[in-house]
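# Overview (structure and organization)
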Amino acid sequence: MTGPVSLLDGEVFDDLAAERQIAGLRWPDGPRCPNCGSGEVAVRSGVPPLRWRCRGCRSDFTVTSGTAMHGSRIGAGRWVAAAVRWEGRRSDLARMLGVSSATAGRVLAALEATRQPLGEDRLRALLVQDPDPSHAKRSRLPGYLAAEDDPTVDMTPAERACLAVLRDRPRGVRAEEVADAARISKRHAQRCLGRLAEDEYAQKETASIPWGYKSLDVDLWFLTLTEECVTALAHLPRWPTSEHGECPVRVPPEFWWVFWSGSEAGELKLPEHADYVAGVLLDGPDRAARQWALNALPVSALSKCRQMRGYDTGHLAACIDAAIETRSGRA
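Here's what I pulled together on the structure shown here. (Residues numbered from 1 in each chain as written. Predicted model: local features only at pLDDT ≥ 70, side-chain atom pairs only at ≥ 80, totals over all residues. Heavy atoms only, no water.)

## Some remarks on the pairing of strand β7 (residues 214–223)
Pairing analysis gives ten bridges linking strand β6 (residues 202–211) to β7, with the strands arranged antiparallel. If you follow P210 over to β7, its bridge partner there is S215. What sits between the antiparallel neighbours β6 and β7 is a turn of two residues, in which G212 has the positive phi angle 65°. (Pairing = 2+ DSSP bridges. Helix = DSSP H or I, 4+ residues; strand = E, 2+ residues; numbered from the N terminus.)

Now the structure itself:
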């Protein structure tokens, strides 16, 4: 069976191929009625949307009946494309699918509720997800969290993305880096950060940080850890740390100071020197640099480092193992 990505031919969304792919994922042993579970079904339509009738309860159903895609006016081809290809802004999603911003927003809400990275896992999650995004989100919250107490419910997707970026960068982050990580424009990120500051979720401070081989005075955004902010963080989904898992081309300048001997950090190239960089940063004094290495360096470099003495026991070994497992499953 071909993969979901091959369901697209340029900008033409193949609904029939997409529905067959969804049917194969949902019913590997053949169609079953979502209402009563019977496998005794008759084909009602062999063209999109594919339709069957259950011989037991006499109900008609399609491949998307009872899923997060149920009742949608856009075809299965667009849903598959969004699930396996899209990461970014609502406007980009609307442009890719050729739909309105409101429709793209509804698709985005369903995708966010899966809490899965792009790919077939996200498509599978849509098949078992409640059609109502609020119900879907509630079913994925830990037992100690109540959906009605979610402070992020009135936030826009971009504001939630910015808040998630701040959560993952406790040492502070510049506005342009928030924009890059959240995949929105810098101007939009500044507006979102301003609204988060008004609601006392974030604050801006001028700080001196290591930058290359000198220090730099910059405006950094931090979380304001009020009780409401902490509650909001618990309701946020994980946010991708790097687009499509691509390795950066160099070590960020704020971590150059860790390379106090040996090669000049500014001359290191990635992924060519990834093994050396992993060895320095993972066991270095800067926790933020260690977290960056776990998230950004190639998994092969982490695996090689994990086999070396000093990285094979204790907390550091557990962190490397967790990063490898998480990122291997994301690929």
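## A short note on the pairing of strand β3 (residues 41–45)
Here four bridges tie β3 to strand β4 (residues 51–54), and the two strands are oriented antiparallel to one another. By the bridge assignment for β4, V41 is matched with C54. The hairpin turn running from β3 into β4, its antiparallel successor, is five residues long.

## Focus on helix α9 (residues 186–198)
The terminal C-alpha atoms of α9 lie 18 Å apart, and with 13 residues this matches the ideal 18 Å at 1.5 Å per residue to within 8%. Among all positions of α9, only A189, C192, L193 and L196 are buried. All buried residues of α9 lie within an arc of 100° about the axis, which places them on one face of the element. Along α9, the residues that are exposed and aim more than 90 degrees away from the buried face are R187 and E198. In this structure, the buried residues of α9 make contact with α7 (157–167), α8 (175–182), β6 and β7. Looking one or two places after α9, you find E200, whose phi comes out positive at around 65°. (Expected span 1.5 Å × (residues − 1). Buried < 20%, exposed > 50% of the residue type's maximum accessible area, 1.4 Å probe, protein only. Arc of directions from axis to C-beta. Contact = heavy atoms within 4.5 Å.)

## Side note on the environment of A109
Note that A109 resides in helix α4 (residues 101–114). You can call A109 partly exposed: its relative accessible area is 27%. Remark: the alpha-carbon pair of A109 and P157, spanning 48 residues in sequence, is separated by 8.4 Å.

## Quick word on the sheet that holds β4
In spatial order, the strands read β3-β4-β5; together these three strands make up an open sheet with antiparallel pairing. Only two strands of the sheet have a single partner each, and these edge strands are β3 and β5 (60–61). By the bridge criterion, two bridges tie β4 to β5 in an arrangement that is antiparallel. For W52, the partnering residue across the bridge sits in β5 and is F61.

## What to know about the packing of α7 against α8
Two numbers describe how α7 lies on α8: the axes approach to 9 Å, and their chain directions differ by 115°. With respect to α8, the axis of α7 lies roughly perpendicular. Read as a crossing pair, α7 and α8 show a hand that is right-handed. Across from A161, C162, V165 and L166 in α7, the residues of α8 making contact are V178, A181 and A182. Grouping the constituent residues of the contact of α7 with α8 by class yields seven nonpolar, no polar and no charged. (Axes fitted to C-alpha atoms, helices over the stretch in contact; angles between N-to-C directions. Parallel < 35°, antiparallel > 145°, perpendicular 65-115°, else oblique. Left-handed = near helix turned anticlockwise from the far one by under 90°. Nonpolar A, V, L, I, M, F, W, Y, C, P; charged D, E, K, R; others polar.)

## Some words on the nonpolar core
Core analysis: the largest hydrophobic core is formed by 37 residues, its most contacted members being I22, L93, L97 and L126. Of all the elements in the fold, those that place two or more residues in this core are α1 (15–26), β4, α2 (76–85), α3 (90–97), α4 and α5 (120–127). Counting residues per element, this core draws most heavily on α2, which supplies seven residues. Apart from residues no more than four positions distant in its own chain, L126 is found in contact with T67, A68, M69, W79, A83, A110, L111 and T114. Judged by nonpolar contacts, the second largest core, of 28 residues, contains V251, A265, A293 and I324. (Core = buried A, V, L, I, M, F, W, Y, C linked by side-chain atoms within 4.5 Å.)

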